[in-house]
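# Working through the structure, step by step
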Amino acid sequence: PAGRHAVGLAIAVNGQIEEVNIYPNSALFHKLAPRLIQSYALQATLLAEKTGAAQSLSTDDIGRFLKPGAEKSKREKSLDNGNTVVVKELEGNTFQCETHYDGQVIHWQAMKKNGTGDAARCATLGSDW
C-alpha cells in the first residue's frame, strides 16, 4: 500500500489545519505518527462541543497552507553539537520549524496558531495554540 511509503502527515481538527509534519524517511514517520494522531484525537475530543459543523478540507487547502507567507521573524538555536532548530514566524499566525542533525533536515513542520482570539478554545486547551 502507498501508506507504507508515507513520510508526512497533515492534521486538521474541526476543519482547521493544525500542523503538517514531514520526516526524511518512512521508518521515522511511522514510528512517530501514532503519537501525533493520538494527541490530536484527544484535542479533537476536547474541542468537539466547542465548535459547530466542521468544513471539509481538500488537498488544495493543504497546499495553500504549505505556501510560505511573508516572514515576520526567524530564530535559530543550537541544541547541541549536531542539532539545531530554525523557527520562522510567518504572516497569519503560521510557523515553520526545521530540525537539523549534522546539517541535514530531519523534521519539517508547519503549524498554525488557531486559538488566537478564540477564548473557548484557549480555555479548553490551556493555550492559544
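Let me sum up the structure you'll find in this document.

Rules and cut-offs
- Just so you know, the residues in each chain are numbered from 1, in the order the chain's sequence is written.
- Owing to the predicted nature of the model, reporting of local features is limited to residues with pLDDT of at least 70; listing and counting of side-chain atom pairs is limited to 80 or more, with chain, interface and lining totals taken over all residues.
- In computing side-chain values, all of the structure's heavy atoms are included and hydrogens and water are not.
- Strands were regarded as paired on the criterion that DSSP finds at least two bridges between them.
- Strands here are runs of E lasting at least two residues and helices are runs of H or I lasting at least four, both read from the DSSP assignment and numbered beginning at the N terminus.
- By definition here, a salt bridge exists when the distance from a side-chain nitrogen of Lys or Arg to a carboxyl oxygen of Asp or Glu is within 4 Å.
- Burial classes follow relative accessibility: with a 1.4 Å probe on protein chains only, a residue under 20% of its type's maximum area counts as buried, one over 50% as exposed, and anything between as partly exposed.
- Aromatic rings from Phe, Tyr and Trp, taking only the six-membered ring of Trp, are treated as a pair when their centres fall within 6.5 Å; an angle between ring planes under 30 degrees marks them as stacked, one over 60 as edge-to-face, and anything in between as tilted.
- Only protein atoms enter the 1 Å grid, on which a cavity is a set of points fitting a 1.4 Å probe that cannot get out and a pocket is an open set with protein on both sides within 12 Å along at least 5 of 7 lines, lining residues being those with an atom within 4 Å of a point.
- Grid points are joined across faces, edges and corners, and a volume is the space filled by probe spheres set on the points.
- Think of it as three bins: nonpolar holds Ala, Val, Leu, Ile, Met, Phe, Trp, Tyr, Cys and Pro, charged holds Asp, Glu, Lys and Arg, and polar takes everything else, Gly as well.
- For helices, the axis comes from a line fit to the C-alpha atoms of the stretch in contact; other axes are also lines fit to C-alpha atoms, and the angle between any two N-to-C directions lies between 0 and 180 degrees.
- What we call a nonpolar core is a set of buried Ala, Val, Leu, Ile, Met, Phe, Trp, Tyr and Cys residues that are connected through their side-chain atoms within 4.5 Å.

Attention now moves to the pairing of strand β4 (residues 83-90). Across seven bridges, strand β3 (residues 71-78) lies against β4 in antiparallel orientation. Bridging from a neighbouring strand, Ser73 pairs with Glu89 of β4. Where β3 folds back onto β4 in an antiparallel hairpin, the turn is made up of four residues. Taken together, β4 and the strand that follows it, strand β5 (residues 94-101), pair antiparallel across an intervening segment of three residues, in which Gly92 is found at a positive phi of about 75°.

Now for the pattern of salt bridges. Scanning the model with the defined rule gives two salt bridges in all. For the salt bridge of Arg64 with Asp61, the shortest nitrogen-to-oxygen distance reads 2.4 Å. Of the two residues, Arg64 and Asp61 are both situated in helix α2 (residues 59-66); the distance of three residues between them amounts to about one turn of the helix. Arg64 sits in the exposed class, given a relative accessible area of 51%.

What follows deals with the packing of aromatic side chains. Taken as a whole and assessed by the stated rule, the structure comprises one aromatic pair. Measuring from ring centre to ring centre gives 6.2 Å for Tyr23 and Phe29, while their planes differ by 40°; the resulting arrangement is tilted. Residue Tyr23 shares its accessibility class with Phe29, and that shared class is buried.

Taken as a whole, the largest pocket holds about 190 Å³ of empty space. Lining the largest pocket are 14 residues, and of these Phe65, Glu91, Gly92, Thr94 and Lys112 lie nearest its centre. Residue assignment for the lining of the largest pocket shows that the elements contributing at least two residues are β2 (16-22), α2 and β5. Class assignment for the residues of the lining of the largest pocket results in four nonpolar, six polar and four charged.

Bringing the sheet that holds β5 into the picture now. Each strand in a sheet pairs with its neighbour through backbone hydrogen bonds, running either in the same direction (parallel) or in the opposite one (antiparallel). What the six strands build is an open sheet, ordered β1-β2-β6-β5-β4-β3; its pairing is antiparallel. Looking at which strands have only one partner, the edges of the open sheet turn out to be β1 (8-13) and β3. The mean angle between the axes of side-by-side strands here comes to 10°, regardless of whether they run parallel or antiparallel. Pairing geometry for β1 and β2, over six bridges, is antiparallel. Paired with Ile11 across the two strands is Glu19, which belongs to β2.

Leu9, Ile11, Val13, Tyr23, Phe29, Ala33, Leu36, Tyr40 and Leu47 form the largest nonpolar core, which has nine residues in total. Listing elements by their share of this core, those giving two or more residues are β1 and α1 (26-47). The element that contributes the greatest number of residues to this core is α1, accounting for five residues.

To continue, consider empty space enclosed by the protein. Evaluation of the coordinates by the stated rule reveals one cavity of 30 Å³ or more. In this structure, the largest cavity encloses a volume near 40 Å³. Considering the residues around the largest cavity, the lining is formed by Val86, Lys88, Gln96, Cys97, Glu98 and Trp108. Elements supplying a minimum of two residues to the lining of the largest cavity: β4 and β5. Ranked by residue count, the leading element in the lining of the largest cavity is β5, at three residues. Residues belonging to the lining of the largest cavity are distributed by class as follows: three nonpolar, one polar and two charged.

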